[in-house]
Amino acid sequence: MPLPGGRSTPEPDIEYPPNCKEIREDLPKDELIKRLRVLAREFADLAQDEHENLSSLALYLSSEFFLDHTSKDVRLLTACCIADVFRLFAPEAPYSEPDLLKDIFMFLIKQLRGLEKPSDPLFTRYFYLLENLAWVKSFNICLERLPEVEHQEIFSSLFKLIFSMVNEEHNNKVTNFMLDVMCPLLTEADNVTQPLLDTILINLIEPYKSSCKEACQLSKELIHRSCSALEPYIQQFFNNALMLGKNSQSDLSDRVYDLIYELNFVSPVILSSVLPQLEYKLRSTDADERKNVVKLLGRMFSSSEYTLAEQHKQLWTCYIGRFNDVDKGVRLLCVQNTEQFLLLQDSPLKDEIISCLEKKAVDQDEVVRHAVVKGILSVAKKDLDCVPLELILAVRQRTLDKMYKIRKEALAGLASLYKQYFTRDEMSDGVKPKVEWIENKLLHQYYQPSYEDRTLVERIFNNTLIEFKLPAEERMSKLLQLYCSIDEHAVKAINEIFRTQFFLKTHTKQLFELYEKEKTVDRAKAIAGKVLQICKFFNEPQKMQEAITQFTSMFETDKKYTSAILNVFGGDISCQKAHDLVKQILCKLQSSMEPQSPHFLLVKVLLERTVPILIDKEVFSLLTNKVQEYVIDPTLLDSGKAEKAMNLLVMLSTRYPELFHQESVLKVLVDFIKMDNTTISLLALQCLVNLGSGVGNQFPEITEEIVPHLRQLALTGTDKQAKHSIKIISLLCQNKVEIYQELLEELEDSLEWSKPNYTTAIVSIGHIANVCPRDFISKIRAIIKKNIYNDLLMQSKEEDTASPSKKAKHFNFTSDVSRECKAKMYGMKLIAQFLVGLKENVSGVGTAAIKLFFTVIQNDGDLQSDDRTSELVKAHLRLCASKCILKIAEEKAFMCLISNTEICQLALMVNDPVFEVRSIFLQKLHKRLLTLNLPMLFMAFIAYSIDDPESELKARGKQYYLENITRRRDYIAQNTFAGDNPDKFLPEYMMPYAIYLIAHDPELLGCDDIKTLIQLKRNMWFLLEPLVKSNNLDFDILYNMCEMIKVSRDAQHPHNELINEKIYCVCDMAIHLLGTRTKQSNSKHTPKPPAIKLPKKFFVEADKGFKNPKNYLPKELMDDKKAPKTMIVTSGNLSSEPLDNDKQPMSATENKPKKNDKKKATKSRKSTEDNSVKENVSKLPSKRSKNSRSKKAQEKKSLETSPIPDKKMKQTTLKTVAKGTTTTTTTTRLARGTRASRTRRKRVSHDTDDNVTDDEEERSPKRSSSSTHKQFTDRLEATPSKRRKESEDVDLSTVKKSTRVRQSPKRYSPDREYTPSPSKSLQKRPQTKTTTSGENGVQNDRKRSTPNTPIKSVPMAKKAKTINNTSTATRSKNPSESDSESSTPTKLRTSPRKVTTPVKSQRQQASPAPIVRVPRKQTTPQKTTPTKNMTSPKQSPERNSRPAVNVRIASKKGGTPVVNGISQQKQASTPNTRMMRRVPRPTRKR
């Protein structure tokens, strides 16, 4: 038989060890195995120097017969013998031929496969083979005898075999011998090829790392033992893969970063020269490369060993910089790697990571922010101590993120932390600050406008804050503890949650009740309305409507489930039963709907928000018992928790009154009422008021027990206790009239100022008058006349009302008011409650009451007009009077008694000087408007809120207005019958009232009063903008209303041309805004507009055939391209006529601008509008244009001369000429300049058409205190012809652009006399010099100017110079006396007409002059008494004050009175009524 390598069969002279028989090929298998076993044992016993004459046997054993034998035992024994041959012949081997040597080692490698199963009976021999090869290092012979290619192939096969067969059954000896075999091959080799290196490294990465952990561990041990030998080859591999991009040489080139991560744990020394290369990869332009490196370094740096960052600081700094990478994927990976950093304890790297996370919490990309929140919460759930407070607060901030996904993650995570860590018992100092605020924050989220947030908070409230699955007693304890520990805003959120659940439950129940009725048209309309009411509580009303329709249609035919739904929503069932029924309903839905369909999910959310699963009758008694424990405990009572617990009962009494219909619960409330604690007693009374009238009939014993105590509270309790006691008696008792009769007799005895229960008696009588007005009408009228009006309102009860401290203009409105002030307010409320109870004007009671309330407002709350009432008291009284008017205005019988003048006067309460007054009034106005009981005209009042100096009230006014519009539109959509009365509900029908109110603004002097019109335009746009931007805009209704008003007249003054022209001007303003700031293509057009009826109380039809095509709106307010670019500066009354006289204003029907003009006007609607300068309207500046900034700079510069250092207040010099004396007075006004600085006129006539004599005009507006009572009584009882109106006019030339400057608070006057400036003539009036009373009299230098002074165009650059050279001309009856009478004061003629003389300071004269329009017409000059010129700046100490003077001047002895040098003969046709008087009152600074 030939041997391997071409050898022949060995000679028969082969020597065998002792005791060994000859081994032949022809031996039977068993005999061969037996002899080989003996031979192997003998080889094992031989020493290394006993191998003589065994070479031939060694060669014989390497023949193909033995190497390729079919028997496994033969091959194994042969391998053991060959291994001993290598041991005996070491360091040499009897095999010299390379091919034979290769075959032998490949044979040995195959035999090592037997080590895979330690349970094999032959495992000991395999282990012997491995041990022998490892001990002798037999494979090292390959390094010397074989070429590199061949020995690397052998090594690679060996390594693959070992890594593939190693398993968990192998002990340490086996693995150590494997390492002993492999390590020398690596350390002693001249080269390690890449395939061999791949064989070692591949076990370190996935999926091999997880599939065979023993191989991975073996590879790590191998690398660790031979790291010095492998280091250059591994570094070369990474260098080729990272820097040179040679990926074809290795199969692991794509897994470079995974290998780096694993090798860092095995032997960091190997990577000493590799890690610096990663810094260049972090700066690569390829985002994918940066992502891979970031992912790697994040895992490496976050390991428990943080020495890597210390060793490679530059690499760490570069890694931290990737948190700000331009690619969001890189930033996201950086954030995702931070979780392991946070879990490290006392790591120096943690602070930098925390800082980066705080910044990334506000990253611009939502995915990054979401990852930050998710990562922080994940760590916090594992170990809250590892997360600093800063990161928890960052998650808190993300609850307000603009993306709902992030908000949801943050809220759900915080709720989970609260449930996991928060306890009412003691918490550790590290945990407490991180979780104690969570309950408040979760509930605060309910204030978000998104319905998704609200639904999420409701789910958290039921499942986390109050777990509905808890036992009843524990659940109620948790609810009470939560309600008593959270802050005020969170309490309101819980109240809103129960309120929403109540409304959804009520509407859903009513919806299913409608389905039980017969099918009719009315039923279909009612169902549609109920569905809309339910849908408004959800984010997508349209989808919700479809879901509800599908939901109800399924149960309409199945009466079983319909009754189940009614029981859930309205039945008296337990929470557990309701929960089970909801499960059944959802199972029924799943059979017909897909579980993940949008409709099914919406219905599921509806049921979750509707079904009450926290409180039922059974558990409510437990809650009341726990509240009683809180009230009895003195500690909880003093801490305020008992009061909060009572507030919880009050809230539940409004939402679930049926829960209180239990005898045990009512007895607890009775015990609360009997307590001496006023607060607890008052809250218990409030609960009974909320329960309604059902308790009295159901529990008569409780009624009998409580009535005596209620009577006592009505007599001697506090004001609020008396109020609630009277209401409860009305609800519980059938014989309430008899009880009230007895109470009135006892209360009358307490109506004396000296009695301690004086105010309580007034309150009780007021509510009795409201409940039973007709039963005690005569008695209550007598009480009002004698005790309220004569003894209280018209008397001063306290002696210190005139103390200087109470006259201070700066006061705290919320401070406790005096007993007298409270009594007067209760007295006025008594009258209002009596009227509301009567509901009609019986014997003129309503007329007298309305006069009283408006008298209080017109006198600024000073009922006696003796200047003894403090500002605080006056503010409270006028606020109370205005609220009383709003209350009685809800009754139609009394609304018709309020005159138009009084309505305009009441609107000015929105601009009251006291912030709290106008704030509360606006709030009450909004509240009553939402009830839809207050007439729509009161919506127009809100327009004045835009003039408020406080941004808070401006924003609130806008919010109120939008809510009112939404409320009315929703009401029309939900109630189809409301569409039959659009004038009562449709917001567009508010426009006639708004036009009337704005046209009668007390500052609007005429159609050419540009300054005021600019401000009124803002008010008009405030009202129009929400209507214009609405999808339901009915353009035709608004436009037709304005057109109808243009051909109507003022109902109160139909023949007063000035007032009617102001109305027409405001109409044109509204038409202009509709035409320029709306897109009619997107508006709703009514094919046939409905019949529009203007309110007859405000407008009457004009004469038959009357047409009004004229456009009364000045061109300065027109947003078109043809506005004048150059104006003429004139003296006297500033006119606003453009130079281009050929361009006539468009008519009301032609005021529809072109499309291009509308676009430009729409873009610049917020543009700045100067009060006196109008230039090139077609190029309107933006909000921050240079023109706007320059104007602001000029205004700021003009304020520098203010005598007040903080520049918040300016001085206004008012010159008054009367009865031969000239005086100069200085009043203070707000620098911010708003309507809020104006007050009400002292006396407003109820009939302004009556004439007033000249003598009455000379009377002082202030009356003596001795005749106060008589004058006030006469004013109430006098006819309208006896009442008076007085006014002082102040020049508005210093009005700012953005706000309306009011020199002094003022009152509304419907017939204020004003004549426009002349059309054609220009008259120059001499400048007036004014000094204070401390100077040497008043000097006048009058200069006569020619009437026909030529008109010159004034360039913009020379405005300041022109204004200084322009003087005001007035004509004297005797021109020759102009110089001789310079020091003679001018006598004031008793005439309602006036002259406005502007007084300009030196600084104002230097400022740019206003550009105004040239008058078109000339009037005959009238001779008037000339005015006095101003003194020089050196002579007058008031030169630095900002003047705004309006001086009334009349002609001498029969001369024609003039206004600003213009004849007033044209005014003879208007009613000669007395003007309102403006009383200087600056707004209180807040």
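Source: prediction; values computed, not measured.

Draft legend 1. Geometry of unusual backbone geometry. Here the bond from Ala90 into Pro91 is cis, since omega is 5°, no more than 30 degrees from zero. Relative to the elements of secondary structure, Pro91 occurs in the loop between α4 (72–89) and α5 (98–111). At the junction of Glu206 and Pro207, the peptide bond is cis and its omega measures out at 5° in the coordinates. Position of Pro207 relative to the elements: it lies in the loop between α10 (194–201) and α11 (208–211). Even without being glycine, Lys839 reaches a positive phi, approximately 70°. Mapped onto the secondary structure, Lys839 falls in the loop between α46 (819–838) and α47 (845–858). Backbone geometry places Asp860, a non-glycine residue, at a positive phi of 60°. On the secondary structure map, Asp860 appears in the loop between α47 and α48 (871–889).

Draft legend 2. Representation of the packing of aromatic side chains. Applying the stated criterion to the full structure yields 30 aromatic pairs. Judged by centre distance (6.2 Å) and plane angle (90°), the rings of Phe498 and Tyr656 are edge-to-face. With Phe498 in helix α29 (residues 488–515) and Tyr656 in the loop between α37 (641–655) and α38 (663–673), this residue pair connects regions lying 158 residues apart in the sequence. Its relative accessible area of 4% is what places Phe498 among the buried residues. The exposure class of Tyr656 is buried, given its relative accessible area of 5%. Pairing Tyr993 with Phe1098 gives two aromatic rings, centres 5.6 Å apart and planes at 80°, and the pair type is edge-to-face. Taken as a pair, Tyr993 in helix α54 (residues 991–999) and Phe1098 in the loop between α57 (1057–1076) and β2 (1099–1101) lie far apart in primary sequence, 105 residues in all. Each member of the pair, Tyr993 together with Phe1098, is buried. The structure contains a cluster of three or more aromatic residues connected by ring pairs, namely Phe301, Trp316, Tyr319, Phe323 and Phe341.

Definitions and cut-offs
Residues numbered from 1 in each chain as written. Predicted model: local features only at pLDDT ≥ 70, side-chain atom pairs only at ≥ 80, totals over all residues. Heavy atoms only, no water. Helix = DSSP H or I, 4+ residues; strand = E, 2+ residues; numbered from the N terminus. Phe/Tyr/Trp six-rings, centres within 6.5 Å; stacked < 30°, edge-to-face > 60°. Buried < 20%, exposed > 50% of the residue type's maximum accessible area, 1.4 Å probe, protein only.

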